[in-house]
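Fold and geometry: a report
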Amino acid sequence: MDFNALLQQAQKLTHETQVSDDLPRVERTLPQVLQATQELHSRVTQTGAQDMQAHILLGSNGIDLPKISQKLETLSARKTFEPLDPIATTDVQNFLRNEKENAILAVIEEVHKNSYLAAETQKWDHMMNDWRQEKVKLMNALIGPSQSWIDIRKGPEQTILNETTFGGRSSLNSQEMAYAREVHEYNKLVCEGAMRPSLVQRFSQVADSFNDSRVSDVWEVVKYMANVTPIPRSQDPMKVRCSQHLFINQAKRYLENRYKVFMQTVISEHLREARRGGIPSVLNLVGSFVGLKLATHGLNSSFIGLQDGQVDGKPLWPMVYYCLRCGDLASALKCMQMAGQGHEDLIAVLEEKCHNPEQKTNPRLELQIRMQYKRQIRNATDPYKRAVYCIVGCCDIQEPHADIAKTTDDFLWIQLSLIRTEGDDNSEHLTCSGLQSMILEQYGEKHYNANEQPHLYFQLLALTGQYEAGIEFLSRFEKYRVHAVHIGLALNELHMIGGPRNLQEPLLSVDFEDPQPMRRLNIARLIMLYVKKFEITDPPEALHYFYFLRNLKDSEGRNLFLVSVADLAIECRDFDLLFGRMQRDGMRSRGLIDQFETVHIDARTVCEMVAEKFVKKGMFEDAIKMFDLACQQEQALRYTSILLSQVVHHANKEGSLRERVQRMAHEFTERYTGAEKNCDSQTWTTFNLLKDLAAFFDYYHGKNHQSAMDILERIKLVPLRMSDLDVAVNNFKRLSGEVCKVIPDLLLATMDIAYTKFKTMKGKDVAKFDDLGKKNQLGYLREQAKALTNMAAMVPYRMPGDTNSRLIQTEILMH
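Residues numbered from 1 in each chain as written. Predicted model: local features only at pLDDT ≥ 70, side-chain atom pairs only at ≥ 80, totals over all residues. Heavy atoms only, no water.

Moving on to the overall build of the chain. Along the backbone of the chain there are 38 helices and 4 strands. Here the analysis covers contacts within the chain between residues at least 6 apart in sequence; of these, 62% occur between residues at least 24 apart. Per element, the accessible surface of the chain, about 45000 Å² overall, is 51% carbon and sulfur. (Helix = DSSP H or I, 4+ residues; strand = E, 2+ residues; numbered from the N terminus. Contact = heavy atoms within 4.5 Å. Areas by Shrake-Rupley, 256 points an atom, 1.4 Å probe, with all protein chains shown as cover.)

Here the focus is the pattern of salt bridges. In total, this model carries 35 salt bridges according to the counting rule given. The residue Arg 558 makes a salt bridge to Asp 554 at a minimum N-O spacing of 3.0 Å. (Salt bridge = Lys/Arg side-chain N within 4 Å of Asp/Glu carboxyl O.)

Along the chain, the position of Gln 633 falls in helix 30 (residues 633–647). Residue class for Gln 633 comes out buried when judged on its relative accessible area of 15%. The contacts of Gln 633, once residues within four sequence positions are left out, are Tyr 672, Glu 676, Lys 677, Asn 678 and Cys 679. (Buried < 20%, exposed > 50% of the residue type's maximum accessible area, 1.4 Å probe, protein only.)

In this section: the environment of Gln 583. With respect to the element layout, Gln 583 can be found in the loop between helix 27 (575–579) and helix 28 (603–617). Along the backbone, Gln 583 and Glu 667 are 84 residues apart, and their C-alpha atoms lie at a distance of 9.7 Å. Leave out the neighbours within four places in its chain, and Gln 583 touches Ser 589 and Arg 671. Reaching out from Gln 583, the side chain makes a polar contact with the backbone oxygen of Arg 581 at a distance of 3.5 Å. (Polar contact = N/O pair within 3.5 Å; in protein donor to acceptor, adjacent residues only side chain to side chain.)

Right, let's talk about the nonpolar core for a bit. Counting 218 residues, the largest nonpolar core has Tyr 321, Tyr 545, Phe 579 and Val 610 as the members making the most contacts within it. Leave out the neighbours within four places in its chain, and Phe 579 touches Val 565, Ala 569, Arg 588, Ser 589, Gly 591, Ile 593, Val 606, Cys 607, Val 610, Met 626 and Leu 629. (Core = buried A, V, L, I, M, F, W, Y, C linked by side-chain atoms within 4.5 Å.)

A pair of packed helices is captured by two measures, namely the crossing angle of their axes and the spacing between those axes. For the pair helix 14 (residues 316–325) and helix 19 (residues 408–418), interaxial distance at closest approach is 11 Å and the crossing angle is 85°. Put simply, helix 14 runs roughly perpendicular to helix 19. Across the interface between the two elements, Tyr 321, Leu 324 and Arg 325 from helix 14 touch Asp 409, Asp 410, Trp 413 and Ile 414 from helix 19. A per-class count over the contact of helix 14 with helix 19 returns 4 nonpolar, no polar and 3 charged. (Axes fitted to C-alpha atoms, helices over the stretch in contact; angles between N-to-C directions. Parallel < 35°, antiparallel > 145°, perpendicular 65-115°, else oblique. Nonpolar A, V, L, I, M, F, W, Y, C, P; charged D, E, K, R; others polar.)

For the rest of this paragraph, the subject is helix 19. The buried count for helix 19 comes to 9 of 11 residues, which makes it a mostly enclosed element. Among the residues of helix 19, Asp 410, Phe 411, Leu 412, Trp 413, Ile 414, Gln 415, Leu 416, Ser 417 and Leu 418 are the ones counted as buried. Looking at the buried residues of helix 19, the elements they touch are helix 11 (247–269), helix 14, helix 18 (383–393), helix 20 (432–447) and helix 21 (454–463).

This brings us to the side chain of Asp 554. Structurally, the position occupied by Asp 554 is in the loop between helix 25 (539–546) and helix 26 (560–572). By relative accessible area, which is 13% here, Asp 554 ends up buried. A distance of 2.7 Å separates a polar atom in the side chain of Asp 554 from the backbone nitrogen of Arg 558. Among residues more than four places away in sequence, those in contact with Asp 554 are Leu 503, Leu 560 and Val 563.

With that settled, the discussion passes to the environment of Asp 567. Checked against the element boundaries, Asp 567 lands in helix 26. By relative accessible area, Asp 567 is classed as partly exposed at 28%. For the pair Asp 567 and Lys 613, spaced 46 residues apart in the sequence, the C-alpha separation amounts to 8.7 Å.

With that settled, the discussion passes to the packing of aromatic side chains. Under the definition given, this model contains 36 aromatic pairs. Judged by centre distance (5.0 Å) and plane angle (50°), the rings of Phe 620 and Tyr 639 are tilted. Placement of Phe 620 in helix 29 (residues 620–629) and of Tyr 639 in helix 30 is noted, with a sequence separation of 19 residues between them. A connected cluster of aromatic rings, assembled from ring pairs, spans Tyr 259, Phe 262, Phe 289, Tyr 321, Tyr 322, Tyr 384 and Trp 413. Directly above the aromatic system of Tyr 547 lies the positively charged group of Arg 550, at a separation of 4.2 Å from the ring centroid. (Phe/Tyr/Trp six-rings, centres within 6.5 Å; stacked < 30°, edge-to-face > 60°. Lys NZ or Arg CZ within 6 Å of the ring centre and 35° of its normal.)

One can describe the packing of helix 22 (residues 467–474) onto helix 23 (residues 481–493) by two numbers: an axis separation of 8 Å at closest approach and a directional angle of 155°. Between helix 22 and helix 23, the angle falls in the class roughly antiparallel. Two packed elements cross with a definite hand, and for helix 22 against helix 23 that hand is left-handed. When helix 22 is examined against helix 23, the residues Tyr 467, Ile 471 and Leu 474 are found in contact with a partner set consisting of Arg 481, Ala 484, Ile 487, Gly 488 and Leu 491. Counted by class, the contact of helix 22 with helix 23 contains 6 nonpolar, 1 polar and 1 charged residues. (Left-handed = near helix turned anticlockwise from the far one by under 90°.)

Of note, the bond from Gln 516 into Pro 517 is cis; its omega dihedral lies within 30 degrees of zero at 0°. Mapped onto the secondary structure, Pro 517 falls in the loop between strand 3 (508–509) and strand 4 (520–521). The phi dihedral of Asn 449 falls on the positive side, at around 50°, and the residue is not glycine. A residue is classified by how much of its surface remains accessible, and Asn 449, at 39% relative accessible area, is partly exposed.

Here it is in structure tokens:
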């Protein structure tokens, strides 16, 4: 049987077995279906879910996985890449072949190793770059006081004008230094009540001195955007900006003036080809520029298909477009009038805009232009004609005008020209928030390659009224951070920055009441992050930056300037520089804080805040000094007593805490004695008792027992005879806790003095003294020891450690 006959029989058999399309080709009973399902389940559980998924995936593409697995198992790279075994040295040919193959394998292995190391290095570099960017974002969102205190003592006179401040120890670079001088001068005028200069102008002049064109361009944008009607302090700047769109005209004016400068630069570089002549005007400037572009780029796509003739030998619509691009509506109108009839609606709109630039265009005229655009102009071959109609009549907001808008400035200018603050409900128009979302969210940083050109992306954000997002973005870069901070300061002084409801918010936050995609900038966090770099080495400069926070309140309602100064004092610990020091006459010398003194800023308030922070940290010694500067004598004496009670019984050592506290106690005694004191009498009594006890222990440790006993006779805290016991116990009940803590050590010290005298007296030569007098003296010392022991047992105070046992043992030794 040949193959043709076999094929015919197979086709016939297939045709006979075909059934209806509505029924399956194979019918099974329920037991058969159950059996097939169990077999399939057993194969899946044996093979594994991943292997079964691989079978299904590859099988759908016609690949038999089991056969491939069998073939792969037969392959082995061991014979190919393993070093060859040496053979007998007599076989020269095989020896050379093996050496050659070994050399090749060695090269392959080396290349593999180098490729792996290179890939590993690139992987880690990429991960480190990603982490650096994330770290910058995290640091911008976090702020907190440093836990590492650096004790740097500065000279008594340090100001922004003192160049030694910046010599060696300053953390400010030259640019930061220049800005800091302007901040100092500005705050000085504010404190004196003089007329405030424009920080934008002052800072931009400083930026020009850096000879950096990019920085100068950034500040030029800020100058244009800040030149608007001042916003009342009682209103939210974010809401005013979103409702009035104050920035649109300023942004267009900046882009238009910038393009005029560009035109003049191009023409000045090609004066012969431009053939500039006639009366200097924007119309002549545009004519020369268009003529130069036609001569230089005659075959460019943007000049193909130009329509409607010429004006003074130049194409009509390029002339009109570039006049509009320069912001000269009158020149554009003149070109349209010179073109003749056929453009009456466009001429009418331009005339209305020239005569009433601040008023809304007649909706009827704009509607006619839109209708004309839809019917005729949309499909016109002249790109400039389409652009002019779109800009004047807000016709097609989706048209990108790619033939004309070659740069970001051109694109942004066209988009700003399409915005209508009072849109017609029946017309499609570009909104301000729509343009802002396009720049910030739709395109974003990646589209504009913002990491490579941060200054350009900042200009886009600023020109679309998103100052907060622009400042936050610019502050991420080390090179531009100083400029971003001072842009924020300058605009905030003009009340143009929208701040968060809560100062605990991150650097950039979203308020649910603001229109999308507006952000709010935490100016307090921005300043604190910037000052953190140099607050330890340059506290005078840090103080001036904190002064910009004087109108803000923290979560507890405190003046944020005072809170920041308090934190700065704790960090740098240069209290004499910041707050001055107390003189012997009770007057405080002036510190840096005094230059900002107003009704709401008082040095005493800051000192008290710092003292309270020190108390919470348990740093009573610093707290005492700050309470004294704050004229809080009650608190100063109270915490001095607390410290004295802890160290009064110790032996005095040079530089010890006891010596420092005792020195402060003597200063307080000199200044407070005889003067009017704002403290409780009990506090003053406790302080004086502890001071007397300090003198007692000084005599005790110095073996001057008689002077020590004289002090005890005077203060009557412990009984020196049995008749004094009741008086001493009654006095103990009126003592403060600070003095009570010292009583156990005082009893031990007094008992030691009595025992020392007892041993000395008992060892004296009887021949020299009257035996009766000696007995009386020894009896007096034994009585004294008994009185001390009885007092320890009678007072309502739990004696620490083995005080009672030591007293009793000493008394026993004296008997």
